[in-house]
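# Working through the structure, step by step
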Amino acid sequence: MWTYEKRLQYPVRIKNPDPRMAQVICSQIGGPDGELTASLRYLNQRYSMPSDKTKGLLTDIGTEELAHLEMVSAIVYQLTRNLSEADLKKNGFDKYFVDHATGIYPASAAGVPFTAAYFQVKGDAIADLTEDMAAEQKARATYDNILRLTDDPDIIDPIRYLRQREVVHFQRFGEALRMVQDSLDARNFYACNPSFDKNCGKNMCNRRMK
Amino acid sequence: MKNRDELLHTIQRYDFALYDLMLYLDTHPKCRHAMQLYAKYRKQREEAVKDYVEHYGPLMALQSDTTKKWNWGQGPYPWEKEAN
């Protein structure tokens, strides 16, 4: 179950339209390291997690990513308000405009539509949590790149907030991965799938000796 | 009485602290200090939300007015500049 709360997680108040930046930032909606793929990755991976702690963490971070999706969408929406005909033709925004006008469509900055192929659900806690940590770093790097492309303080402020959340999520996923590994045989984390194999991590030494 | 923007930003600050504490408690469920902070900010948030809903309308559908006019659908919506 989910319930909508009618507010952004962090304010987005952009005064000046900037279709060039809108086209770049839209990658964090439907691009390879965007908020939509982040949310779907965690909310789908949670079912096969081996512990309550990791199920809970993936649920809560996956939910926060939906709030980030709404924030990035608000940024793109506000950057494309009140565009002139000249604005539409400038910097290649016409290529987005012809298919979507100023609607919000999940695609990468290069125009590739969103695909579930951007994420994986391996059903193996170590594989999935390791992907999640990499995903947070890739999203953090994307926000760093966005910050290099603009000097508008109205854009920089919410983007910095989103960048910081990636760092926090990376830390929490690192703790979750360590907790899963702590429940396994420290001499061989990869001998079994902790989400699937019964007795995974228990009496590994004895089993090998038989 | 705070204006709408100030009150909304107050709620956003409490909610930020509460969400970050929740993620921390997800992996550190025995941390008493974090739980005390969670309880403190939750109480302050409840008061701010009560104020906000009374003067500026519902943040969630369950808080909607059912005496005069159904006000859940009323804008501005969160992605609009005016709402922030």
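Here's what I pulled together on the structure shown here. (Residues numbered from 1 in each chain as written. Chains lettered and ligands numbered in written order. Predicted model: local features only at pLDDT ≥ 70, side-chain atom pairs only at ≥ 80, totals over all residues. Heavy atoms only, no water.)

### Considering the overall build of chain A
Quick note on the threshold: Here a helix means four or more residues in a row that DSSP labels H or I, a strand means two or more in a row labelled E, and each is numbered from the N terminus. By definition in these notes, contact holds between two residues if any of their heavy atoms fall within 4.5 Å. Accessible areas in this description were obtained via Shrake-Rupley with a 1.4 Å probe; residue shielding takes into account the shown protein chains only.
Per the secondary structure count, chain A includes 9 helices and 0 strands. Listed N to C, the secondary structure of chain A is α-α-α-α-α-α-α-α-α in terms of helices and strands. With the C-alpha coordinates of chain A rotated into their principal frame, the extents come out at 75 × 35 × 30 Å. Of the contacts formed within chain A by residues at least 6 apart in sequence, a portion of 73% connects residues at least 24 apart. Carbon and sulfur atoms make up 54% of the accessible area of chain A, which amounts to about 10,300 Å² in all.

### Topic: the side chain of A:T150
Residues and elements named next belong to chain A. Cut-off, in case you're wondering: Two N or O atoms count as a polar contact when they lie within 3.5 Å, although within protein this holds only if one can serve as hydrogen donor and the other as acceptor, and sequence-adjacent residues are included solely when both atoms are side-chain atoms.
By the element assignment, T150 lies in the loop between α7 (125–148) and α8 (153–182). One polar contact links the side chain of T150 to the main-chain amide nitrogen of D152, over a distance of 3.1 Å. If near-sequence neighbours (up to four positions away) are discounted, T150 is found in contact with M21, I155 and I156.

### Looking at the pattern of salt bridges
Residue and element names in this part refer to chain A. Basically, it comes down to this: Here, a salt bridge means any Lys or Arg side-chain nitrogen found within 4 Å of an Asp or Glu carboxyl oxygen. Here the term buried applies to any residue with accessible area under 20% of the maximum for its type, exposed to any over 50%, and partly exposed to those in between, with areas from a 1.4 Å probe on protein chains only.
Overall, the coordinates contain 19 salt bridges over all chains when judged by the stated rule. Across the pair K138 and D33 runs a salt bridge whose closest N-O atoms are separated by 3.9 Å. Here D33 lies in the loop between α2 (27–30) and α3 (35–45) and K138 lies in helix α7, a separation of 105 residues in the sequence. Look at D33 and you get partly exposed, because its relative accessible area is 21%.

### Some details on the state of the cysteines
All names here are of chain A. Where we set the bar: Disulfides are defined in this document as cysteine sulfur pairs within 2.5 Å.
In the structure shown here, the tally under the stated rule is 1 disulfide over all chains. Two residues share a disulfide in this structure: C192 and C200, whose sulfurs sit 1.9 Å from each other. The disulfide joining C192 to C200 has a torsion of about 60 degrees about its S-S bond and is therefore right-handed. For the pair shown, C192 and C200 are each scored as buried.

### Some remarks on unusual backbone geometry
Excluding glycine, residues mostly have negative phi values, and the peptide bonds linking residues are mostly trans. B:P76 follows B:G75 through a cis peptide bond whose omega is 0 degrees. Here B:P76 lies in the segment after α2 (32–56). A positive phi angle, near 50 degrees, is found at A:A101, a position not held by glycine. Following the sequence through the fold, A:A101 ends up in the loop between α6 (94–100) and α7.

### Observations concerning the packing of aromatic side chains
Condition: Pairing of aromatic rings covers Phe, Tyr and Trp, the last through its six-membered ring, and needs centres within 6.5 Å; plane angles under 30 degrees mean stacked, over 60 mean edge-to-face, and all others mean tilted. We call a charge positioned over a ring when the NZ of a Lys or the CZ of an Arg lies within 6 Å of the ring centre and within 35 degrees of the ring normal.
Counted under the stated rule, the structure contains 8 aromatic pairs over all chains. Each ring, one from A:Y10 and one from A:Y161, has its centre 4.4 Å from the other, and the planes form 20 degrees; the classification is stacked. With A:Y10 in the segment before α1 (19–25) and A:Y161 in helix α8, the pair connects residues that are 151 residues apart, well separated along the chain. A:Y161 sits in the buried class, given a relative accessible area of 11%. Feature note: the residues A:Y10, A:Y161 and B:F16 constitute an aromatic cluster, connected by ring pairs. The lysine or arginine in question, A:K6, covers the ring of B:W72, its NZ or CZ lying 4.9 Å from the ring centre. Residue placement shows A:K6 over the ring face of B:Y77; its charged tip is 4.9 Å from the ring centre.

### Let's talk about α8(A)
So the rule is basically this: One fewer than the residue count of a helix, multiplied by 1.5 Å, yields its expected span.
Here α8(A) contains 30 residues, and its C-alpha end-to-end distance of 44 Å stays within 8% of the 44 Å for a straight helix at 1.5 Å per residue. Measuring from the backbone nitrogen of A:D154 back to the side-chain oxygen at the start of α8(A) gives 2.8 Å, which picks out A:D152 as the cap.

### Some remarks on the nonpolar core
For clarity, the cut-off: The nonpolar core is taken to be a set of buried Ala, Val, Leu, Ile, Met, Phe, Trp, Tyr and Cys residues, with the residues joined through side-chain atoms within 4.5 Å.
Membership of the largest hydrophobic core comes to 22 residues, with the highest contact counts inside it found for A:V12, A:I25, A:I75, A:L79, A:I155, A:I159 and A:L162. At the level of secondary structure, the elements contributing two or more residues to this core comprise α1, α4 (52–79), α7 and α8 of chain A. The element that contributes the greatest number of residues to this core is α4(A), accounting for 7 residues. Discounting residues that sit within four places of it in the chain, A:I159 has contacts with A:I25, A:I75, A:Y143, A:I146 and A:L147. Judged by nonpolar contacts, the second largest core, of 20 residues, contains A:A38, A:I61, A:L184 and B:L23.

Honestly, it's all geometry; don't read function into it.
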